[in-house]
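# Fold and geometry: a report
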Amino acid sequence: MASGFFAILDDIAALMDDVAVTSKIATQKTAGILGDDLAVNAEKATGFLSSRELPVLWAITKGSFINKLIILPVVFLLNWLYAPAINYVLILGGLYLAFEGVEKIIEFLFHRDKEGHEVAEEIKEDEKSSEEIEKAKVKSAITTDFILSIEIVIIALGTVLEESHPFITQILVTSLVAFIATVGVYGIVALIVRMDDAGFKLIKKSNDKGFFGKLGHLLVKALPIVIKALGVIGTIALIMVAGGIFAHRIEFLHHFLESWSSNEILTILKEMILGLGGGLIAVAIFTMGKGVVSLVKK
């Protein structure tokens, strides 16, 4: 009886060791997408009133956990029933990310210099309460997180499948990587958005003197710069993630541009071009769709 109990403990220990080793490999393979995830979500979690930053971030984090709870069983089921379906889901997700990235660029280039009267008219037509704006931003952030989460889960699952691990190990490793991704990314985002508060506390505690006083001022002054930088990095990340999905998941593009994978600069250029191209197509389809809906309504 005792020997059987210890044998079970030994099996559990071996399984946990296997999970730990495979999780480390899977986390390393998802590091690139996690960096992009961080840039995108940090940009989306900023721009709110100081008192609303943490509640908004918590709402997005909860949404991210719910995303993972939906994605994990669906991905396992799809992989079992019809593995190629995962490809199509990722490509559609890539189009959404590319659309978001290119739409931001178009907005910046063509719609930021509107004169006062025109802006006032827009505000009057599209007037929304701060609560509605906040809800819209949170919804957008959770939707983007959903697409990025699919890719993280699929990369993690792919790593486990390559090693031919048993099904229980696949579930544990993929779930652990998904959990680490959520906690890690949103934990760092929380630190970024509260930089100014940390700075003010340092200034207060040091009586605005010495090293900690200077560090406090640096953190306060750095936050607006960091937020602007995250806006740019987040937009580039959206386009590059989309381009990476197109390059790896669309067979024709994968083979057609295979020579572009010879060095890192060409790979980045390839992903940017594909992401921008996909985004422009998505924006064109969306604009035409809006036009058709408008005509039907008239």
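Parameters at a glance
Residue positions are given per chain, counting from 1 as you read along its sequence in written order. Owing to the predicted nature of the model, reporting of local features is limited to residues with pLDDT of at least 70; listing and counting of side-chain atom pairs is limited to 80 or more, with chain, interface and lining totals taken over all residues. Calculated side-chain values reflect all of the structure's heavy atoms, with hydrogen atoms and water omitted. Under the DSSP-based scheme used, a helix requires at least four consecutive residues in state H or I and a strand at least two consecutive residues in state E, with every element numbered from the N terminus. Burial here depends on accessible area, computed with a 1.4 Å probe over protein chains only, as a share of the maximum for the residue type. Under 20% is buried, over 50% is exposed, and the range in between is partly exposed. Exposure was quantified through the Shrake-Rupley algorithm and a 1.4 Å probe, taking into account, for residues, occlusion by the shown protein chains and nothing else. Take the buried Ala, Val, Leu, Ile, Met, Phe, Trp, Tyr and Cys residues and link them wherever side-chain atoms come within 4.5 Å; each set so joined is a nonpolar core. We call two residues in contact whenever any of their non-hydrogen atoms come within 4.5 Å of each other. Every case where a carboxyl oxygen of Asp or Glu lies within 4 Å of a side-chain nitrogen of Lys or Arg is listed as a salt bridge. One fewer than the residue count of a helix, multiplied by 1.5 Å, yields its expected span. Note that bend, as reported per residue, equals the angle between axes fitted to the 7 residues terminating at that residue and the 7 residues originating from it. In this analysis, a patch consists of residues with relative accessible area above 30% that form no salt bridge, clustered at 9 Å for like charges and at 5 Å for the nonpolar side chains Val, Leu, Ile, Met, Phe, Trp and Tyr. Two N or O atoms count as a polar contact when they lie within 3.5 Å, although within protein this holds only if one can serve as hydrogen donor and the other as acceptor, and sequence-adjacent residues are included solely when both atoms are side-chain atoms. Axes, fitted as lines to C-alpha atoms, cover a helix only where it is in contact. Angles between the N-to-C directions of the axes lie from 0 to 180 degrees. Note that the term roughly parallel is reserved for angles under 35 degrees, roughly antiparallel for angles over 145, roughly perpendicular for angles of 65 to 115, and oblique for everything else. Residues are sorted three ways: Asp, Glu, Lys and Arg are charged, Ala, Val, Leu, Ile, Met, Phe, Trp, Tyr, Cys and Pro are nonpolar, and all the rest, Gly among them, are polar. For a crossing to be left-handed, the near helix must be turned anticlockwise from the far one by less than a right angle; the clockwise case is right-handed. For every residue, the predictor states its confidence as a pLDDT score lying anywhere from 0 to 100.

Across its full length, the protein chain holds 11 helices and 0 strands. Starting at the N terminus and ending at the C terminus, the protein chain contains elements arranged as α-α-α-α-α-α-α-α-α-α-α. Relative to its 298 residues, the protein chain shows a buried fraction of 36%. About 17,800 Å² of surface is accessible on the protein chain, with carbon and sulfur atoms providing 70% of the total.

Now for the nonpolar core. Ranked by internal contacts, the top residues of the largest apolar core, which has 24 residues, are Val75, Leu97, Val153, Ile154 and Phe246. Looking at this core, the elements with two or more residues in it are helix 3 (50-81), helix 4 (84-110), helix 6 (130-162) and helix 9 (210-249). Apart from residues no more than four positions distant in its own chain, leucine 97 is found in contact with Thr144, Ile147, Leu148, Leu238, Val241 and Ala242. Grouped together as the second largest cluster of nonpolar side chains are 12 residues, Leu57, Val185, Ile192 and Val193 included.

This next bit is on the environment of phenylalanine 99. Note on placement: phenylalanine 99 falls in helix 4. Given the relative accessible area of 13%, phenylalanine 99 is considered buried. In this structure, the C-alpha to C-alpha distance between phenylalanine 99 and glycine 278, residues 179 residues apart in sequence, is 7.4 Å. If sequence neighbours within four positions are ignored, phenylalanine 99 has contacts with Gly279, Ala282, Val283 and Phe286.

Within the secondary structure layout, alanine 284 lies in helix 11 (residues 264-297). Placed 185 residues apart in sequence, alanine 284 and phenylalanine 99 show a C-alpha to C-alpha distance of 9.4 Å.

Moving on, we come to the pattern of salt bridges. The tally for this structure, following the rule as stated, stands at 2 salt bridges. Measuring nitrogen to oxygen at the nearest pair gives 2.1 Å for the salt bridge that ties arginine 194 to aspartate 197. The exposure class of arginine 194 is partly exposed, given its relative accessible area of 21%.

Turning our eyes to something else, we now look at helix 9. Owing to its 3.6 residues per turn, the α-helix aligns residues three or four sequence positions apart on the same side. Relative to the 58 Å expected for 40 residues at 1.5 Å per residue, helix 9 spans 54 Å between its end C-alpha atoms, a close match to the ideal helical length. Considering bend angle alone, the principal kink of helix 9 is centred on alanine 222 and spans about 35°; proline proline 224 follows within four residues of it.

There is a patch of nonpolar side chains on the surface, built from Leu77, Trp80, Leu81, Tyr82 and Tyr88 and spanning about 650 Å² of accessible area. Element by element, the count of residues in the nonpolar patch is highest for helix 3, at 3 residues. Along the chain, the position of tryptophan 80 falls in helix 3. Look at tryptophan 80 and you get exposed, because its relative accessible area is 68%.

For helix 11, spanning 34 residues, the distance from its first C-alpha to its last is 49 Å, which sits close to the expected 50 Å at 1.5 Å a residue. Where helix 11 is concerned, the buried positions are Lys270, Glu271, Leu274, Gly275, Gly278, Gly279, Ala282 and Val283.

Along the chain, threonine 144 turns up in helix 6. Reaching out from threonine 144, the side chain makes a polar contact with the side chain of glutamate 100 at a distance of 3.0 Å.

The interhelical angle for the contact between helix 4 and helix 11, taken along N-to-C directions, is 85°, at an axis separation of 7 Å. Viewed along their axes, helix 4 and helix 11 adopt a mutual orientation that is roughly perpendicular. On the side of helix 4, the interface is formed by Leu95, Ala98, Phe99, Val102, Glu103, Ile105 and Ile106, while helix 11 contributes Gly275, Leu276, Gly278, Gly279, Leu280, Ala282, Val283 and Phe286. For the contact of helix 4 with helix 11, the class distribution of residues is 11 nonpolar, 3 polar and 1 charged.

In the contact formed by helix 8 (residues 195-205) and helix 9, the axes pass within 7 Å of each other and the chain directions differ by 160°. Here helix 9 runs roughly antiparallel to helix 8, going by the angle between their axes. Handedness of the crossing formed by helix 8 with helix 9: left-handed. For the pair helix 8 and helix 9, the contacting residues are Met195, Asp196, Ala198, Gly199, Phe200, Leu202 and Ile203 in the first and Phe212, Gly213, Leu215, Gly216, His217, Leu219, Val220, Ala222, Leu223 and Val226 in the second.

This brings us to unusual backbone geometry. With phi around 55°, asparagine 207 is a residue other than glycine that occupies positive phi space. If you trace the backbone, asparagine 207 turns up in the loop between helix 8 and helix 9.

Time to look at the confidence of the model for the protein chain. Averaged over all residues, the pLDDT of the protein chain is 76; the fraction at 70 or higher stands at 74%. Considering each helix and strand of the protein chain separately, the mean pLDDT is smallest for helix 5 (residues 116-125), with a value of 44, and largest for helix 3, with 86. Segment residues 5-11: pLDDT under 50, and 0 contacts once partners within four positions in sequence are set aside and those in other chains are kept. Per-residue pLDDT stays below 50 along residues 115-127; that stretch engages in 2 contacts with residues further than four places along the chain or on separate chains.

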